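Take a look at the letters that make up each chain.
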Amino acid sequence: MFAKAFRVKSNTAIKGSDRRKLRADVTAAFPTLGTDQASELVPGKEELNIVKLYAHRGDAVTVYVSGGNPVLFELEKNLYPTVYTLWSYPDLLPAFTTWPLVLEKLVGGADLMLPGIVVPPAGLPQVQKGDLCAIVLVGNRAPVAIGVAAMSTSEMLTSGLKGRGFSVLHTYEDHL
């Protein structure tokens, strides 16, 4: 989504009421996040901006920026964390592992194909089609991409790990 440059429509400071609503939306979207962590993510007093932009495909995206860093983005009424947020909260989403060479393809805008997934000894995390997932590299727990599962874990395994596994929304080193 952010593989190519985007066009900024507006950049404004968030109001107190919108800040409280965003905090409530974050706790609803990510129930594993405690209220203290949600308050850290959407701070009460620090600078927090809403940046409205158009991605290169014309998608209208709202990005929430705290201290100059994008922390969340909203697309079609769905709230997503950025990889930078996941570095602080690595257990927020189920994580799938891939090889470092695959990151270059993901940054270029490619989706993550199932042959690129590394199956750990404990097995793959349980997800359903449409679930938000983090993508990490072998030997590094820090997420490098965020994607939406194209199929459930059971479908992934019955397909013999063939086909498209994740629609990638955002990666480390993209334009966001």
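These numbers were taken from a predicted model, which means no experiment stands behind them. (Residues numbered from 1 in each chain as written. Predicted model: local features only at pLDDT ≥ 70, side-chain atom pairs only at ≥ 80, totals over all residues. Heavy atoms only, no water.)

Points about the domain arrangement of the protein
Here comes step 1: One can read the domain layout of the protein as domain 1 (7-87) and domain 2 (90-171).
Here comes step 2: Between domain 1 and domain 2, the residue contacts involve 12 residues of the former and 13 residues of the latter.
Here comes step 3: When domain 1 packs against domain 2, the two sides together hide about 1100 Å² of surface, and 79% of this comes from carbon and sulfur.
Here comes step 4: Together, Val83, Leu86 and Trp87 form the three largest contributors to the area buried by domain 1 at its contact with domain 2, with a combined 47%.
Here comes step 5: Seen at the junction of domain 1 and domain 2, the total is zero salt bridges.
Here comes step 6: Run the count over domain 1 and domain 2 and you get two residue pairs in polar contact (both at pLDDT 80 or more).
Here comes step 7: It is helix α3 (residues 83-88) that contributes the most residues to the side of domain 1 that touches domain 2, four residues altogether.
Here comes step 8: Here the side of domain 1 that touches domain 2 is built from residues that sort into 10 nonpolar, two polar and no charged. (Domains from an automatic or database assignment. Contact = heavy atoms within 4.5 Å. Buried area = accessible area lost by both parts, 1.4 Å probe. Salt bridge = Lys/Arg side-chain N within 4 Å of Asp/Glu carboxyl O. Polar contact = N/O pair within 3.5 Å; in protein donor to acceptor, adjacent residues only side chain to side chain. Helix = DSSP H or I, 4+ residues; strand = E, 2+ residues; numbered from the N terminus. Nonpolar A, V, L, I, M, F, W, Y, C, P; charged D, E, K, R; others polar.)

Notes on unusual backbone geometry
Here comes step 1: With a phi close to 50 degrees, Glu76 is a non-glycine residue in the positive phi region.
Here comes step 2: As for its position among the elements, Glu76 is in the loop between β4 (69-75) and β5 (78-81).
Here comes step 3: Taking the relative accessible area as the measure of exposure, Glu76 reaches 64% and is therefore exposed. (Buried < 20%, exposed > 50% of the residue type's maximum accessible area, 1.4 Å probe, protein only.)

Quick notes on the nonpolar core
Here comes step 1: Grouped together as the largest cluster of nonpolar side chains are 33 residues, with contacts concentrated most on Leu22, Val26 and Leu72.
Here comes step 2: Per-domain counts for this core show at least three residues from each of domain 1 (7-87) and domain 2 (90-171).
Here comes step 3: In contact with Leu22, other than residues within four places in its own chain, are Ile14, Val42, Leu48, Tyr64, Leu72 and Leu79.
Here comes step 4: The next biggest cluster of nonpolar side chains, apart from the first, holds 17 residues, and it includes Val102, Leu124, Ala145 and Leu161. (Core = buried A, V, L, I, M, F, W, Y, C linked by side-chain atoms within 4.5 Å.)

Thoughts on the sheet that holds strand β6 (residues 95-98)
To summarise the sheet geometry, strands pair through backbone hydrogen bonds and adopt either a parallel or an antiparallel arrangement.
Here comes step 1: Read across the sheet, six strands follow the order β7-β11-β10-β9-β6-β8 without closing on themselves; strand pairing throughout is mixed. Two strands bound the open sheet, and with one partner strand each, they are β7 (112-113) and β8 (117-118).
Here comes step 2: As paired elements, β6 and β8 share two bridges and run antiparallel to each other. Following the sheet pairing, Thr97 is matched in β8 by Val118. (Pairing = 2+ DSSP bridges.)

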